[in-house]
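# Secondary and tertiary structure notes
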Amino acid sequence: VRRGESAFREQACFGVLIVCFWRSHVVQTSDFSPAANASPDQILSNTTTQARKEYRDAVWTVDILTADRVRESVKGLPSIKVKMLHHVLSFSRSLIRRKIVDMDSEDSKLCRCLSTVDLIALGVGSTLGAGVYVLAGEVAKGNSGPSIVVSFLIAALASVMAGLCYAEFGARVPKTGSAYLYSYVTVGELWAFITGWNLILSYVIGTSSVARAWSGTFDELLGKRIGHFFITYFPMNSPGLAEYPDFFAVCLILLLAGLLSFGVKESAWVNKVFTAVNVLVLVFVIIAGFVKGDTENWKIKEEVLVNFTALTRNLSLTSNITSDFGVGGFMPYGVGGTLAGAATCFYAFVGFDCIATTGEEVKNPQKAIPLGIVVSLLVCFLAYFGVSAALTLMMPYYLLDEKSPLPVAFQYVGWGPAKFVVAVGSLCALSTSLLGSMFPLPRILFAMARDGLLFKFLSKVSKRQTPVAATMAAGVTAGKLLCIYLPCIGYRGVCVHAWASSREAILIQFACK
């Protein structure tokens, strides 16, 4: 508290002001004004007996260190009630204490080697996952129709607002920890602890889900040979567990953990390669869509939709039939459908928060973190906007396949072989999404361990200046969860809807095909 606080002067138990610091305490009365550097012994020797008692009890409720010093100067110990009150206040104070970050000192043990381009690639790769190959078809067919481009615009604006909050925090507190650290600095230790564990749970489940989706997608390309082998030789016929331990996905996570332990710069290079391939595939999709697209697909009449609804219901008459696909036009489901689509599209922009965990590994974080967040969101919006526009131009929205819209759309326009390009892009997107889920997890563990909220060994740093202990612990935990407790992910996408984020559920739905 600051000296001269009027509220404390009014509430002083013996009509004086008690100014309490962590290491020094000053008592000011009407008849005594000690020096600023007066010790507790000097203060107590010049006060009355009643003032001495009140000072002693007040200090016990503020600082145990000073209370020990007072106890040496004043005969008699405080009452049991005062002791209990002190312990309660001390515990309560520890729950709401906030972390003070020294911006001038450079005490980080991590390697500052990432550039702004690395952060942009990390944000784009984490955000622009395999959902871009699935989400447009699902939302366009069931919610928005051709107005999905507006849905993505609304979702992007909302995401930018959240991104700007992260950008400001990243500029003000350029340290490792993301939302955990921001909560610690602003609202206190208790909320930071809760936020940190929420982040850990989110990243562990996200890493396991995407790894299983990657394994399932790759297995589909091989004709489900991997799954058949594990089901034959390693079946787990237990309710609530996976059908078989997916050792392939576990090895994938451990390989990624080894890469992250080897060095952040090397991990950034791998991420940039996969992100570049993914972006090139999306550029190809957008260009092909505009070349083969037809603007009439944005002007479909309601009669066409009614006839198609009757066909899907096996009805011969179209009278008194309501279309299952809206009223046609650019907004077939109305403004409500467009807003509902925007609510789903918002989850497509989840992932840029991993940039905020690189505060101690990026050069000039106060400039690079805000710029990386904003630019990555802009790139992701342009990609989502372009893919959704190209998709709805190539094919009528009511004919889109919800699970694999792009391959079906290319088949519809006569470009069947393009589906192999889409398959390569989807695997690269899953790879960058997996790296984006795995990358921030060790940083959160490292930050919490350094602050004393987790086991201290998790804050150990290797010779290559990476949080190796936290990285390997994260990999083992995600691998164990994936190997045993994730049933049917990558094939039916059922369980992931129960507790994973919508973005990860979309990734799993893509693997169903």
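Each remark here, short or long, concerns the structure printed above.
A quick note: this is a predicted structure, and the numbers were derived from the prediction, not measured.

Quick notes on the rules
- Residues numbered from 1 in each chain as written.
- Predicted model: local features only at pLDDT ≥ 70, side-chain atom pairs only at ≥ 80, totals over all residues.
- Heavy atoms only, no water.
- Helix = DSSP H or I, 4+ residues; strand = E, 2+ residues; numbered from the N terminus.
- Buried < 20%, exposed > 50% of the residue type's maximum accessible area, 1.4 Å probe, protein only.
- Contact = heavy atoms within 4.5 Å.
- Patch = residues over 30% accessible without salt bridge, like charges linked within 9 Å, V, L, I, M, F, W, Y side chains within 5 Å.
- Areas by Shrake-Rupley, 256 points an atom, 1.4 Å probe, with all protein chains shown as cover.
- Salt bridge = Lys/Arg side-chain N within 4 Å of Asp/Glu carboxyl O.
- Phe/Tyr/Trp six-rings, centres within 6.5 Å; stacked < 30°, edge-to-face > 60°.
- Lys NZ or Arg CZ within 6 Å of the ring centre and 35° of its normal.

A few words now on the environment of Ala389. Relative to the helices and strands, Ala389 resides in helix H16 (residues 365-394). Judged by its relative accessible area of 4%, Ala389 falls in the buried class. The sequence separation of Ala389 and Ile148 amounts to 241 residues, and the corresponding C-alpha distance is 7.8 Å. In contact with Ala389, not counting residues within four places along its chain, are Val149, Phe290 and Trp298.

What follows concerns a nonpolar patch on the surface. Together, Val187, Leu190, Trp191, Phe193, Ile194 and Trp197 make up an exposed nonpolar region whose accessible area comes to about 550 Å². With respect to the secondary-structure elements, Ile194 resides in helix H10 (residues 189-221). Since its relative accessible area comes to 36%, Ile194 is described here as partly exposed.

Applying the stated rule across the entire model yields ten salt bridges. For Arg212, the salt bridge identified is with Asp246, shortest N-O distance 3.1 Å. Remark: Asp246 occurs in the loop between helix H11 (225-233) and helix H12 (247-262) and Arg212 occurs in helix H10; sequence separation between them is 34 residues. Assessed through its relative accessible area of 1%, Arg212 is described here as buried. Glu266 is the salt-bridge partner of Arg464, the closest N and O atoms lying 3.1 Å from each other. One end of the pair, Arg464, is in the loop between helix H19 (440-450) and helix H20 (468-484); the other, Glu266, is in helix H13 (residues 264-292), with 198 residues separating them in the sequence. One salt-bridge network, held together by shared partners, links Asp118, Lys265 and Lys272.

Here we take up the packing of aromatic side chains. Enumeration according to the criterion identifies 28 aromatic pairs in this entry. Ring geometry for Phe193 versus Trp197: centroids 6.4 Å apart, planes at 70°, classification edge-to-face. Of the two residues, Phe193 and Trp197 are both situated in helix H10; the distance of four residues between them amounts to about one turn of the helix. Residue Phe193 is classed as partly exposed on the basis of its relative accessible area, which comes to 33%. We classify Trp197 as partly exposed; its relative accessible area is 41%. Measuring from centroid to centroid gives 4.9 Å for Phe229 and Tyr233, while their planes differ by 45°, and the two rings are tilted. Taken together, the residues Phe229 and Tyr233, both in helix H11 and four residues apart, mark about one turn of the helix. Classification of Phe229 as partly exposed rests on a relative accessible area of 41%. Among the residues examined, Tyr233 registers a relative accessible area of 56% and is labelled exposed. By the ring-pair criterion, three or more aromatic residues cluster together here, those being Phe229, Phe230, Tyr233, Phe234 and Phe247. Above the face of the Trp269 ring, Lys272 is positioned so that its terminal group lies 3.8 Å from the ring centre.

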